[in-house]
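Here is what each chain is made of, one letter per residue.
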Amino acid sequence: MVQYKLMYFPVRGLGEMARLILHYANVPYEDKHISFEEWPNMKTTTPFGQLPILEVDGKPLAQSFAIARFLAREHGLAGKDDWESAQLDAIADFMKDVATECRPYFMALMGRGEGDKDELYNTVFKTSMEKNMPVLEKLLKESGSGFFAKSGVSWVDFYIANFMETFEELGPSVMSAYKDLLKHKETVYALPQLKKYLESRPKTQF
Ligand SMILES: N[C@@H](CCC(=O)N[C@@H](CS)C(=O)NCC(=O)O)C(=O)O
């Protein structure tokens, strides 16, 4: 049996896609949380000086999207064929652009960026949600399955639901306009395969 070890900080962040895929697929893995204190010593030993890293039988794979796509392909969560898989990739890449757009606000919230967080809430976060969430809602509606792929649940549902949790917490009044996305998150979080993990994982802001 393949041995998986996921190394990431003790937050959801870029590690959560992999965790959700592995739990959904009921694959045992070691979920190694690297503390911010131990990270500087480890940094130079990693391929790109960043986490997450997935060790597969002791061999490291870096980059959260490479990890998620690899695990999704291995465990049947990457779409039903190459075309659907590519459509899912496009949605994930769009979502990644949204996250990049919101980064100045996230950094200010974590006390690591420049600018006033209340101002950035309006100029960055709210503006980005109003521009981008309707695009995601349209895609969800077009799929018709309740998930982003017509064929059903995929890794991209996990990626987006994870963000919706954060977005909803940061801006409940803005996000209340996007009922289909909030419902999608609830649908993903109600999957029986994820129930135990979601109930037991630590609560984190990101
Ligand atoms: N493109 C990378 C970005 C990884 C990344 O930004 N990781 C951050 C945590 S979310 C990190 O390792 N920060 C510590 C550092 O750069 O020293 C991915 O998707 O995995």
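Under an unreviewed UniProt entry, the name given to the protein is glutathione transferase, and the organism recorded is Acrobeloides nanus. For the protein, the Sequence similarities (unreviewed entry) comment in UniProt is given as "Belongs to the GST superfamily. Sigma family."

1. As for the packing of helix H5 (residues 117-143) against helix H6 (residues 155-170)
It is at 12 Å that the axes of H5 and H6 come closest, and there the two elements cross at 140°. Classed by the angle they form, the pair H5 and H6 counts as oblique. At the point where H5 passes H6, the crossing takes the left-handed sense. Across the interface between the two elements, Tyr-121, Phe-125, Met-129, Met-133 and Leu-136 of H5 pack against Ile-160, Met-164, Phe-167 and Leu-170 of H6.

2. Here's the deal with the sheet that holds strand E3 (residues 53-56)
Pairing is mixed in the open sheet, where 4 strands are placed in the order E2-E1-E3-E4. In this open sheet, the two edge strands, each paired with only one partner strand, are strand E2 (30-33) and strand E4 (59-62). Direction aside, the axes of adjacent strands within the sheet are offset by 25° on average. Bridge count for E3 against E4 is 4 bridges, and the pairing is antiparallel. Its bridge partner being in E4, Ile-53 is matched across the sheet by Ala-62. The strands that helix H1 (residues 16-24) touches are strand E1 (4-8) and E2; relative to E1, the one it contacts most, it runs at about 150°. Sheet contacts for helix H3 (residues 64-74): E1, E3 and E4; angle to E4, the most-contacted strand, approximately 115°.

3. What to know about the nonpolar core
Residues Met-129, Met-133, Leu-136, Trp-155, Phe-158, Ile-160 and Phe-167 are the most contacted members of the largest nonpolar core, which totals 62 residues. Beyond its immediate stretch of four places on either side in the chain, Met-133 contacts Val-98, Ser-128, Met-164, Phe-167, Met-175, Tyr-178 and Leu-181. Grouped together as the second largest cluster of nonpolar side chains are 9 residues, Met-7, Phe-9, Ile-34 and Leu-51 included.

4. Re the packing of aromatic side chains
This model, assessed by the stated rule, comprises 15 aromatic pairs. When the centroid spacing of 6.4 Å and the interplanar angle of 45° are considered together, the rings of Tyr-105 and Phe-106 count as tilted. Classification of Tyr-105 as buried rests on a relative accessible area of 5%. Members of the aromatic cluster, each reached through a chain of ring pairs, are Phe-65, Tyr-105, Phe-106, Tyr-121, Phe-125, Trp-155, Tyr-159, Phe-163, Phe-167 and Phe-206. Geometry around Phe-65 places Lys-96 over its ring, the cationic atom sitting 4.4 Å from the centre.

About the thresholds
- Residues numbered from 1 in each chain as written.
- Predicted model: local features only at pLDDT ≥ 70, side-chain atom pairs only at ≥ 80, totals over all residues.
- Heavy atoms only, no water.
- UniProt positions renumbered as here; feature names shortened; annotations may be inferred.
- Axes fitted to C-alpha atoms, helices over the stretch in contact; angles between N-to-C directions.
- Helix = DSSP H or I, 4+ residues; strand = E, 2+ residues; numbered from the N terminus.
- Parallel < 35°, antiparallel > 145°, perpendicular 65-115°, else oblique.
- Left-handed = near helix turned anticlockwise from the far one by under 90°.
- Contact = heavy atoms within 4.5 Å.
- Pairing = 2+ DSSP bridges.
- Core = buried A, V, L, I, M, F, W, Y, C linked by side-chain atoms within 4.5 Å.
- Buried < 20%, exposed > 50% of the residue type's maximum accessible area, 1.4 Å probe, protein only.
- Phe/Tyr/Trp six-rings, centres within 6.5 Å; stacked < 30°, edge-to-face > 60°.
- Lys NZ or Arg CZ within 6 Å of the ring centre and 35° of its normal.

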